[in-house]
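Breakdown of the fold
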Amino acid sequence: MNLINLDIRMLRSLMSVVETGSITETARRLGRTQPAITLQLQRLEELTGKAIFIHEGRRLFLTAEGETVLSYARSIVGFHDEMLSQLASPDIEGHVVLGTPDLYAAFMLPSILRIFRKAFPRVQLELNCSLSTPLVGCVKRGEVDIALVTRMNDFTGGQVVRQEQLIWMTGEQSTAHNEKPIPLALLPPGNIFRDHAIERLEASRLRWRIACVSPSVGGLQAAAFAGMAVTVLGRSALVRNMREIGDNEGLPPLPKVDLLLYKSPTATSKAASALHDYLAHYLNLDDELLLGKELPLSTVDSDEPRSGHAGTKLAPGPRALERGSDTHNQTLVEPGRNNLKPDRKPVGVEAAGNRGSRQSGQIYRPRERRPT
């Protein structure tokens, strides 16, 4: 009998997709891309040899086997996290300053920091969000203990822990990329995101102009949301109401950038070492998924017969029920663990190629009919 080893990250992704009802939100929480989450679910089916999801038309259902996998996943992940907490040295305590750009603080680190806090509850974390260049200086001066930054051309030292694919992005309904010259929302001069964007445009002989300069991701996103500009960020920052653009829109391809992890020479405490090791470990995970084997979500035609190996394609569905969909109604519609039962309560997942009024990777749940 061949023993099968299930990756704990696959189980955690499955749990998060069911609990949040959204591949988009799961990718944000776990610091991964939407295609990476999709690939994890596909691999989980391949390893278990069971169809966790089935398709009926344009809807996606959790099967009875999928419910069983989900139940065990909750137990396995719970024991996994409890074990880490129990093994964490209770005497490790202290204050650690972590510096990172807001891009990574918002879209890459939340899940890792949450796990770290559970394992080391007596360590106090202080988060310092700034641009990469000043943060490296802060680390060298001992003002920041640990820093996760983007490698700039003049950086030395640091440990490469991950790569991030740069992409062009703009608002969901924006046509800014069609303007001549192309309006850009960029980080300040000296940032490699900015340098790559301008270099690639000039190499392609495309005219451009600066429409927005902001040291924060929020400012760049605001310009993109408003249809003022096209911006360049890491793919992990592709959020709802924004869309990726590129070759089809006449824009040149962008490279990947290195993420560096620094530890200050003055950060000699066990608490600082623990945080550094956690970041190095978790940011290095899923290299295969994140660095070149990302699969796009595939559209399933509504007339297509049910697949024998269901769940390998995630199909569009009717209506999004996801946080932030209505700015006037801030109620969070979060499907809970009892929303997906073996009686196959439907969920639909929109394909990445569907770039209408919805963001790719959302899970859709039809509203139940009210009694008449």
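Residues numbered from 1 in each chain as written. Predicted model: local features only at pLDDT ≥ 70, side-chain atom pairs only at ≥ 80, totals over all residues. Heavy atoms only, no water.

Side note on the overall build of the chain
On a plain count of helices and strands, the chain comes out with 11 helices and 13 strands. Expressed as a percentage of the 372 residues in the chain, the buried residues total 51%. For the chain, the proportion of contacts with a sequence separation of at least 24, taken over those separated by at least 6, is 78%. Per element, the accessible surface of the chain, about 17,700 Å² overall, is 50% carbon and sulfur. (Helix = DSSP H or I, 4+ residues; strand = E, 2+ residues; numbered from the N terminus. Buried < 20%, exposed > 50% of the residue type's maximum accessible area, 1.4 Å probe, protein only. Contact = heavy atoms within 4.5 Å. Areas by Shrake-Rupley, 256 points an atom, 1.4 Å probe, with all protein chains shown as cover.)

Points about the pattern of salt bridges
Using the criterion set out here, one finds 7 salt bridges in the structure. Across the salt bridge formed by D258 and R151, the nearest N and O atoms sit 3.0 Å from each other. Placement of D258 in strand β11 (residues 256-263) and of R151 in the loop between β5 (146-150) and β6 (159-171) is noted, with a sequence separation of 107 residues between them. With a relative accessible area of 28%, R151 lands in the partly exposed category. Between R162 and E164 there is a salt bridge, and its shortest N-O distance comes to 4.0 Å. Side by side, R162 and E164 carry an identical accessibility label, which is buried. (Salt bridge = Lys/Arg side-chain N within 4 Å of Asp/Glu carboxyl O.)

Some points on unusual backbone geometry
Going from K180 to P181, the amide bond is cis rather than trans, its omega being -5 degrees. Along the chain, P181 turns up in the loop between β6 and β7 (182-186). If you check the backbone angles, R205 has positive phi at about 60 degrees while not being a glycine. Here R205 lies in the loop between α8 (192-203) and β8 (208-213). The class of R205 is exposed, set by a relative accessible area of 79%. In this structure, N241 takes a positive phi of about 75 degrees despite not being glycine.

Details of helix α10 (residues 270-284)
Here α10 contains 15 residues, and its C-alpha end-to-end distance of 21 Å stays within 8% of the 21 Å for a straight helix at 1.5 Å per residue. Along α10, the residues classified as buried are A271, A272, A274, L275, H276, Y278, L279, A280, Y282 and L283. (Expected span 1.5 Å × (residues − 1).)

Points about the environment of I8
As for its placement among the helices and strands, I8 is situated in helix α1 (residues 8-20). Spatially, the C-alpha atom of I8 lies 6.8 Å from that of V77, the residues being 69 residues apart in sequence. Not counting chain neighbours up to four residues away, the residues in contact with I8 comprise I76, V77 and H80.

Side note on the environment of V257
With respect to the helices and strands, V257 occurs in strand β11. Judged by its relative accessible area of 2%, V257 falls in the buried class. Sequence-wise, V257 and R162 are 95 residues apart; in three dimensions their C-alpha atoms are separated by 8.6 Å.

A look at the pairing of β7
Counting buried positions over the 5 residues of β7 gives 5, a clear majority of the element. What you see with β7 is no split at all: I182, L184 and L186 on one side and P183 and A185 on the other are buried throughout. Pairing of β7 with β8, which is carried by 5 bridges, proceeds in the parallel orientation. Paired with I182 across the two strands is W208, which belongs to β8. In terms of handedness, the path from β7 via α8 over to β8 forms a crossover that is right-handed. As paired elements, β7 and strand β9 (residues 230-234) share 2 bridges and run parallel to each other. Along β9, the bridge assignment pairs L184 with V230. (Pairing = 2+ DSSP bridges. Right-handed = clockwise from strand over helix to strand, strands pointing away.)

Any link to function would need more than the numbers given here.
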